[in-house]
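One letter stands for each residue in the lines below.
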Amino acid sequence: MRNDNIAELDGVNKRFGNVVALDDFSLEVRPGELLALLGPNGAGKTTAISLLLGLSQADKGSARLFGLPPQSIEARRGIGVMLQEAALAPELRVFEQVDLVASYYANPLPVAQVLDLTGTAPLSRRPYGKLSSGQKRQVQFAIALVGRPKLLFLDEPTVGLDIQSREIVWATLRRLIADGCSIVLTTHYLEEAEALADRVAVMAKGKLIVTGTVDEMRALVVRKRITCHTRITVDEVAGWPDVQTVSNGQHGLLITASNTENVVRRLLAADEDLHGLEVQSAGLAEAFTELTQEVR
Amino acid sequence: MDTAITTMTSGRLWRAYGVEAKYESVRMLRTPAFAGPFLVLPAALYLLFGALLFGSAIEKDPKAAWFMFLGFSIMGVMGPGMFGFGITVATEREHGLLQLKRALPMPPGASLLAKMLMSMLFVAIIMASMAAVAPLGHLRVPAGSMLAFSLVGILGSTPFCALGFLIGTFASAKSAPAFVNLLYLPMIYLSGILFPMPKSAEWIARLSPAYHLDRIALAVLGAPGNDGVFVHIVVLAAVTVVCTVLAVRRLARHG
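Residues numbered from 1 in each chain as written. Chains lettered and ligands numbered in written order. Predicted model: local features only at pLDDT ≥ 70, side-chain atom pairs only at ≥ 80, totals over all residues.

**Things to note about the overall build of chain B**
1) Next: The secondary structure content of chain B amounts to 12 helices and 0 strands.
2) Next: Listing the helices and strands of chain B from first to last along the sequence gives α-α-α-α-α-α-α-α-α-α-α-α.
3) Next: For 255 residues, the compact-globule estimate of 2.2 N^0.38 gives 18 Å, and the C-alpha radius of gyration of chain B, at 20 Å, lies within 12% of that figure.
4) Next: The principal-axis extent of the C-alpha atoms belonging to chain B is close to 75 × 35 × 35 Å.
5) Next: For chain B, the residues scored as buried account for 46% of the 255 residues in total. (Helix = DSSP H or I, 4+ residues; strand = E, 2+ residues; numbered from the N terminus. Rg over C-alpha atoms; globule rule 2.2 N^0.38 Å. Buried ≥ 20, exposed ≤ 12 C-beta atoms within 10 Å, placed from the backbone.)

Here is the structure:
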């Protein structure tokens, strides 16, 4: 483990009865990075975050936050948190919610500034209980930011948000990263991770499957996708070397192949009227599916 | 590693406790289903029974006048703590707010203290309303005694806060009101504070913190028929400590 890590789990085990939630799991969060923690339901993401937040303790191994135990209040003064399932007091107004959480920090942002930053200023005087679910997420985002955190934990931050609000969240996160803040993001929206993450950690069944940049993740999946309009039939292409799957799709023939160059060369040779040719690398979604499939 | 973690000045730390208490009180005052019954009922019921229905009878019986005044006052002391803690702790626990606050750098015990201060604020308002209507129930209490009685009521709300806190740590948000009522109603009817208990059943009344608070209040007001307060203070302190310890342990284990 690097000693400049903002937060880290080192060889942690965590069981709930007979269920192994984390199995010799290690993870580090580096300064100024956005780490996307991905995994199917039940992979252990929430347990890992709970350990880093000091909400539970590992059966074995250690958790550190700014080099301190996560239960330490000094360590927690450096973080901002947005949990997926936290219902704030419905009677308090938006301004009051943010003001309350600001009081927990040594040097918080002015409440009005946070409301402007997160697009929640027009909601300032409204009771939290009267907001839509998307607006509530925006307020929770404001609460996560108000303490000028050096490390931000975001659990599904854009669930229920409209496109405009999601853009505000994404833009704010990019600005925070540029200012040196570290972010741990758990999300089921792979395009969100693809758009924002410096590094991705894929988990399954309590284990870390792989970690790396989005490009490194994509490179792990050798498949590429070819689409084209051609008179060559599915049966014909299915017998070619390097072809993994082939089908007729909305945009013509859809082929996945391990060596696209060879397949494209053969397609062009076999049909000189072929058009609409596109070759795409595997996205994070394909990489995620392939990486987690082996463990399921 | 250089964590660059900033420390809180003691001024900001105290402010955090203050802000937590302020917003806890604000939210409960904005909850009509909570604030309405607890703030209005004790004085309203006292006026109904002590002035309108039985006013002429208790005018000739000072002991009955004291009994009725103390009974409705103690009832007022019990409610905010038991229901305020019981229902809000259960709801916040179930809806993840307690967990969020544990993850955030909320100062230790701030939520607990805020709820206690909220209950005390409610009790102070109830005591003021009872003091205001006392003359209508044919009671003449010197201002000093009434102030001392109010302080006893405010401090005496702590064991009821602790009972509510304990209920809130195991009850669900939906079942918490039922669990609190399961304790609150027998405490009112079987503690002898509103209905005299026969001598043979006084042991049942002694099981209730309400009985012991009633005894302390009697002594402070100098009402006839009071005895020593030490045992009663010990009982209330024991209820507070035991319930709080059990509740804190349960929260630490089960969240």
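**Things to note about the nonpolar core**
1) Next: Ranked by internal contacts, the top residues of the largest apolar core, which has 150 residues, are Val81, Val98 and Leu185 of chain A.
2) Next: With residues up to four places along the chain from it excluded, the contact list for valine 81 of chain A reads Leu53, Ala144 and Phe153 of chain A together with Leu100, Ala103 and Leu104 of chain B.
3) Next: Core analysis: the next-biggest nonpolar cluster, separate from the first, contains 9 residues, Val246, Leu253, Ile255 and Leu267 of chain A among them. (Core = buried A, V, L, I, M, F, W, Y, C linked by C-beta atoms within 7 Å. Contact = placed C-beta atoms within 7 Å.)

**A few points about the environment of glycine 180 of chain A**
Residue and element names in this part refer to chain A.
1) Next: In this structure, glycine 180 sits in the loop between helix H6 (163-178) and strand E7 (182-186).
2) Next: Each C-alpha atom, one on glycine 180 and one on aspartate 273, is 53 Å from the other, the two residues being 93 residues apart in sequence.
3) Next: If we ignore the near neighbours within four places in the chain, the residues touching glycine 180 are Pro31 and Gly32.

**Quick word on the sheet that holds E7 of chain A**
Residue and element names in this part refer to chain A.
1) Next: On the basis of which strands lie adjacent, the open sheet formed by 6 strands has the order E5-E6-E7-E3-E8-E9 and mixed pairing. Each having just a single partner strand, strand E5 (79-82) and strand E9 (207-212) make up the two edges of the open sheet. Neighbour-to-neighbour, the strand axes of this sheet turn through a mean angle of 15 degrees, independent of strand direction.
2) Next: Where E5 lies against strand E6 (residues 151-155), 4 bridges are found, and the strand directions are parallel. Following the sheet pairing, isoleucine 79 is matched in E6 by leucine 151.
3) Next: Contacts from helix H1 (residues 45-52) reach strand E3 (34-38), E6, E7 and strand E8 (199-204), with the element oriented near 150 degrees to E7. (Pairing = 2+ DSSP bridges. Axes fitted to C-alpha atoms, helices over the stretch in contact; angles between N-to-C directions.)

**Here we look at the sheet that holds strand E12 (residues 252-257) of chain A**
Residue and element names in this part refer to chain A.
1) Next: The strand order E11-E12-E10-E13 describes an open sheet built from 4 strands, whose pairing is antiparallel. Only two strands of the sheet have a single partner each, and these edge strands are strand E11 (243-249) and strand E13 (275-281). Pairs of neighbouring strands in the sheet enclose a mean axial angle of 15 degrees, with direction left out of account.
2) Next: Taken together, the 5 bridges between strand E10 (residues 224-229) and E13 define a ladder with antiparallel strand orientation. Across the sheet, residue isoleucine 226 finds its bridge partner in E13, namely valine 279.

**Some remarks on helix H5 (residues 133-145) of chain A**
Residue and element names in this part refer to chain A.
1) Next: Between its first and last C-alpha atoms H5 spans 19 Å; for 13 residues at 1.5 Å apiece the expected length is 18 Å, and the two agree.
2) Next: Most of H5 is tucked away, with 11 of its 13 residues classed as buried.
3) Next: Along H5, the residues that are buried comprise Gln135, Lys136, Arg137, Gln138, Val139, Gln140, Phe141, Ala142, Ile143, Ala144 and Leu145.
4) Next: Contacts made by the buried residues of H5 are with E5, helix H3 (94-102), helix H4 (111-117), E6 and H6. (Expected span 1.5 Å × (residues − 1).)

**Side note on the environment of leucine 221 of chain B**
1) Next: Structurally, the position occupied by leucine 221 of chain B is in helix H11 (residues 209-221).
2) Next: Once residues lying within four places of it in the same chain are set aside, the contact partners of leucine 221 of chain B are Val141, Ser145 and Phe149 of chain B.

**Quick notes on the interface of chain B and chain A**
The accessible area lost on association of the parts is a frequent measure of interface size.
1) Next: Each partner contributes to the interface: chain B provides 27 residues, whereas chain A provides 32 residues.
2) Next: For the side of chain B that touches chain A, the secondary-structure elements that each account for two or more residues are helix H1 (10-29) and helix H5 (97-103) of chain B.
3) Next: Of all the elements, H1 of chain B adds the most residues to the side of chain B that touches chain A, at 8 residues.
4) Next: In terms of residue class, the side of chain B that touches chain A is made up of 14 nonpolar, 7 polar and 6 charged. (Nonpolar A, V, L, I, M, F, W, Y, C, P; charged D, E, K, R; others polar.)

**Regarding the domain arrangement of chain A**
1) Next: Domain annotation for chain A reports domain 1 (7-214) and domain 2 (219-293).
2) Next: Inter-centroid distance (C-alpha atoms) of domain 1 of chain A to domain 2 of chain A is 39 Å. (Domains from an automatic or database assignment.)

**Observations regarding the packing of helix H4 (residues 62-94) of chain B against H11 of chain B**
All names here are of chain B.
1) Next: Between H4 and H11, the shortest axis-to-axis distance is 10 Å and the interhelical angle comes to 125 degrees. It follows from the interaxial angle that H4 and H11 lie oblique. Crossing handedness for the pair H4 and H11: right-handed. For the pair formed by H4 and H11, the contact residues are Leu70, Ile74, Val77 and Met78 on the first element and Ala210, Leu213, Asp214, Ala217 and Leu218 on the second. (Parallel < 35°, antiparallel > 145°, perpendicular 65-115°, else oblique. Left-handed = near helix turned anticlockwise from the far one by under 90°.)

**Details of the environment of cysteine 228 of chain A**
All names here are of chain A.
1) Next: Examined against the element boundaries, cysteine 228 turns out to sit in strand E10.
2) Next: For the pair formed by cysteine 228 and threonine 186, sequence separation is 42 residues and the distance between their alpha carbons is 36 Å.
3) Next: Ignoring sequence-local partners within four residues, the contact set of cysteine 228 consists of Gly252, Leu253, Leu267, Leu274, Gly276 and Leu277.

**Here's the deal with the packing of H3 of chain A against H5 of chain A**
Residues and elements named next belong to chain A.
1) Next: Running from N to C, H3 and H5 point in directions that differ by 25 degrees, and their axes come no closer than 9 Å. Taken together, the axis directions place H3 and H5 in an arrangement best described as roughly parallel. Read as a crossing pair, H3 and H5 show a hand that is right-handed. Taking contact as the criterion, the partners of Val94, Gln97, Val98 and Val101 in H3 are, on H5, Val139, Ala142 and Ile143.

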